[in-house]
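The chain contents come next:
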Amino acid sequence: MKVKVLSRNPDDYVRETSKDIHRVPRNYDPTLHPFEVPREYTRALNATKLERVFAKPFVGSLDGHRDGINCMAKHSKSLSILLSGSCDGELKLWDLPKRKCVRTIQAHDGFVRGICSRFCGTSFFTVGDDKTVKKWNMETPGYGEREEPLSTILGKAMFTGIDHHQKDATFATCGQTVDIWDEQRSSPVRSFSWGVDSFSCVRYNPVETELLASCASDRSIVLYDMREATPLKKVVMKLRSNTLCWNPMEAYFFTCSNEDYNLYTYDMRRLNAPVTVHMDHVSAVLDLDYSPTGREFVSASFDKTIRIFRKDGGHSREVYHTKRMQHVICVKWSADNKYILSGSDEMNIRLWKANASEKLGLLSPREKEAHNYNQKLKEKFQHHPQLRRIARHRHLPRDIYKQRRELKEMLGSRRRKEKNVIKHSKPGSVPVVAERQKHVVNVE
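The numbers attached to residues start from 1 for each chain and follow its sequence in the written order. Per-residue local features are limited, in this predicted model, to residues with pLDDT of at least 70; the limit for side-chain atom pairs, both in listing and counting, is 80 or more; totals at the level of whole chains, interfaces and linings are taken over all residues. Think of the side-chain values as coming from all heavy atoms in the structure, minus any hydrogens and water.

**Examining the overall build of the protein**
Secondary structure assignment for the protein yields 4 helices and 29 strands. Overall size of the protein, expressed as C-alpha extent along the three principal axes, is 105 × 80 × 45 Å. In the protein, once contacts between residues fewer than 6 apart in sequence are set aside, the share between residues at least 24 apart is 49%. Looking at the protein as shown, the accessible area adds up to about 25200 Å², and 51% of this sits on carbon and sulfur atoms. Think of it this way: Lys and Arg go in the positive column, Asp and Glu in the negative one, and His and the chain ends go nowhere. A charge is said to be at NZ when it belongs to Lys, at CZ for Arg, at CG for Asp and at CD for Glu. Averaged over its 75 positive side-chain charges, the protein has a centre that lies 8 Å from the centre of its 55 negative ones. What counts as a helix is a DSSP run of H or I of at least four residues, what counts as a strand is a run of E of at least two, and both are numbered from the N terminus. Here a residue-residue contact requires only that any non-hydrogen atoms of the pair lie within 4.5 Å. Surface exposure here means Shrake-Rupley accessible area, sampled with a 1.4 Å probe, where a residue is shielded only by the protein chains that are shown.

**Remarks on the sheet that holds strand E25 (residues 316-320)**
Strand order in the open sheet formed by 4 strands is E22-E23-E24-E25, and the pairing between neighbours is antiparallel. Unpaired on one side and paired on the other, strand E22 (285-290) and E25 mark the two borders of the sheet. Neighbour-to-neighbour, the strand axes of the sheet open up by a mean angle of 20 degrees, direction not taken into account. Any two strands with at least two DSSP bridges between them are considered paired. The sheet contact formed by E22 and strand E23 (residues 296-301) spans 5 bridges and is antiparallel. The residue bridging leucine 288 from the neighbouring strand is serine 299, located in E23. In this description, a line fitted to the C-alpha atoms serves as the axis of each element, helices being fitted only across the stretch in contact, and the angle between N-to-C directions of two axes falls anywhere from 0 to 180 degrees.

**Observations concerning the UniProt feature "domain: Sof1-like protein" (unreviewed entry) in the protein**
If you check UniProt for "domain: Sof1-like protein" (unreviewed entry), the listed places come out as residues 354-440 in our numbering. Note that residues 354-440 is 57% helix and 1% strand, and that its end C-alpha atoms are spaced 32 Å apart. UniProt positions are given in the numbering used here, feature names are shortened, and annotations may be inferred rather than shown by experiment.

**Looking at the packing of helix H1 (residues 36-53) against helix H3 (residues 385-392)**
Two numbers describe how H1 lies on H3: the axes approach to 9 Å, and their chain directions differ by 10 degrees. Between H1 and H3, the angle is such that the two are roughly parallel. Taking contact as the criterion, the partners of Tyr41, Ala44, Leu45, Thr48, Lys49 and Arg52 in H1 are, on H3, Gln386, Leu387, Ile390 and Ala391. Three classes are used: nonpolar for Ala, Val, Leu, Ile, Met, Phe, Trp, Tyr, Cys and Pro, charged for Asp, Glu, Lys and Arg, and polar for all others, with Gly counted as polar. Classifying every residue of the contact of H1 with H3 gives 6 nonpolar, 2 polar and 2 charged. When an angle is under 35 degrees it counts as roughly parallel; over 145 it counts as roughly antiparallel; between 65 and 115 it counts as roughly perpendicular; any other value is oblique.

**Remarks on the nonpolar core**
Buried Ala, Val, Leu, Ile, Met, Phe, Trp, Tyr and Cys residues that are joined via side-chain atoms within 4.5 Å together make up what is termed a nonpolar core. When accessible area is computed with a 1.4 Å probe and restricted to protein chains, residues below 20% of their type maximum are described as buried, those above 50% as exposed, and intermediate ones as partly exposed. Among the nonpolar cores identified, the biggest contains 18 residues, and Ile221, Leu223, Leu244, Trp246, Phe254, Cys256 and Tyr266 are the most heavily contacted of them. Secondary-structure elements contributing two or more residues to this core are strand E15 (211-216), strand E16 (220-225), strand E17 (233-237), strand E18 (241-246), strand E19 (253-258) and strand E20 (263-267). Top contributing element to this core by residue count: E15, with 3 residues.

**Section: the pattern of salt bridges**
The salt bridge definition used is simple: a Lys or Arg side-chain nitrogen within 4 Å of an Asp or Glu carboxyl oxygen. For the structure shown, the criterion picks out 29 salt bridges. For lysine 380, the salt bridge is made with glutamate 40, and the minimal N-O distance between the two is 2.7 Å. Residue lysine 380 is located in helix H2 (residues 365-380), and its partner glutamate 40 is located in helix H1; the two are separated by 340 residues in the primary sequence. Residue classification places glutamate 40 among the buried positions, given a relative accessible area of 13%. The salt bridge partner of glutamate 183 is lysine 135, with a shortest N-O separation of 3.4 Å. Taken together, the positions of glutamate 183 in the loop between strand E12 (178-182) and strand E13 (190-192) and lysine 135 in strand E8 (residues 132-137) put the pair 48 residues apart, joining distant regions of the chain. We note that glutamate 183, like lysine 135, is buried. A network of salt bridges, in which partner residues are shared, links Arg52, Glu296, Arg317, Glu318 and Arg394.

**Digging into the pairing of E23**
Summarising burial for E23: 6 of the 6 residues are buried, a large majority. Side chains Glu296, Val298 and Ala300 of E23 all project onto a buried face; the interleaved residues Phe297, Ser299 and Ser301 project onto the opposite face, where all are buried too. Hairpin connection of E22 to E23: 5 residues between the antiparallel strands, including glycine 294 at a positive phi of 80 degrees. Two successive antiparallel strands, E23 and strand E24 (residues 306-310), enclose a turn made up of 4 residues, where lysine 304 displays a positive phi of approximately 70 degrees.

**Focus: the sheet that holds strand E4 (residues 90-95)**
The sheet built from 4 strands is open, its strands ordered E2-E3-E4-E5 with antiparallel pairing. The two strands at the open ends of the sheet, each matched to only one other strand, are strand E2 (69-74) and strand E5 (100-106). Adjacent strand axes in the sheet meet at a mean angle of 20 degrees, parallel and antiparallel pairs treated alike. Bridge analysis of strand E3 (residues 81-86) against E4 gives 5 bridges, and the strand direction is antiparallel. When the bridges of E4 are listed, serine 84 appears paired with lysine 92.

**Describing unusual backbone geometry**
A positive phi angle, close to 55 degrees, is found at arginine 99, a residue other than glycine. Mapping arginine 99 onto the fold places it in the loop between E4 and E5. Residue classification places arginine 99 among the partly exposed residues on the basis of a relative accessible area of 40%. Despite not being glycine, aspartate 280 shows a phi value in the positive range, around 155 degrees. Structurally, aspartate 280 can be placed in the loop between strand E21 (276-278) and E22. For aspartate 280, a relative accessible area of 10% puts it in the buried group.

**Quick look at the side chain of serine 291**
Structurally, serine 291 can be placed in the loop between E22 and E23. Under the relative-accessibility criterion, serine 291 is labelled buried at 1%. For this analysis, a polar contact is any N or O atom pair within 3.5 Å, provided that within protein one partner can donate a hydrogen and the other can accept it, and provided that sequence-adjacent residues contribute only side-chain to side-chain pairs. A distance of 3.0 Å separates a polar atom in the side chain of serine 291 from a polar atom in the side chain of threonine 293. Residue contacts for serine 291: discarding those within four places in its chain leaves Pro248, Glu296, Phe297, Trp333 and Asn337.

Below, the structure is given as structure tokens:
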């Protein structure tokens, strides 16, 4: 006698709680699911459309400055504190979750040119047009105490930038020379110059902490090692670089913002040509900052927009603009990789989402699963023409749209002319120069 018995394990189908979703058995045999790909394509298309519908990147603004924002700095330990300096010498500390100014200091006469936080977060440094470097306590003074700097250093010339070492009690300033200072001394420990009138920016490498780089007025980018007596290398470009930023994850790479509307990512081991040329801005790029992951960076431009670029991508993945926002002078990426802060001419600091369509706040497990599933679908079908067109489309102000089109025509015309010259010349007489190598004059 043969007996067939149905055996079921309750763990496979019984819910643990009444709020759980019902478990559905699934057979992954492809012959049973003939319309799987069309169904997934439709879902990916809908997810891409909804991403553009919910793309609302602007979070809020910080009002209170009485002049244009000239520089900003992040607190080295706290996510909620931001430092900003304006063109009238005023310095403000902001509480970002409350979006309130917690402290105002009249720091300098004239512009505040640079701010940097000490690596331990207990104090910060500022430089200004009055030829002084001032050290301030991060804590607000008590009731009845005056707002005084902890120390003041009077320099011989105007300072244009400052940055603090990641581990030691030293900082670097730039002006007519690049100076390395010890916090306990009132004169520089070492000064670097390479036949340059002035420097506009200096930055320590966050990984190889003894290295630093600066942008100079003779269109050059100079690399230094604090252990050496002389600068290491100098790369001269066709137009001047305004600022630069090191990749926080890969020690060899840095990106500079240039007056020719582009950004250039360099490998410091091979400076004869940039690794990537990042295009899309239609005016001079004034500032940039890397995300803490090192995969993306944000740039601020004179064309009143902010753009987000991938580290190895030529074109921007995102562009932010508002009607009121004027020339964007400075930009920072928050240390939690969630937000971007921009300071502009019309006295406002704006807070943006790093991912325009991201939902803020806590997500339920089902929301997280749906989000991850949609992301994978979009990755799977990202090269389909309709999805790519929807995902890439960004609305631009009319002026910027016209300038983009004009620049594209000019670039196309130049390339056609070069091709015609090569075609109608003696073979080998006109060298073919790659686009990346056109921007570098020489390396010393």
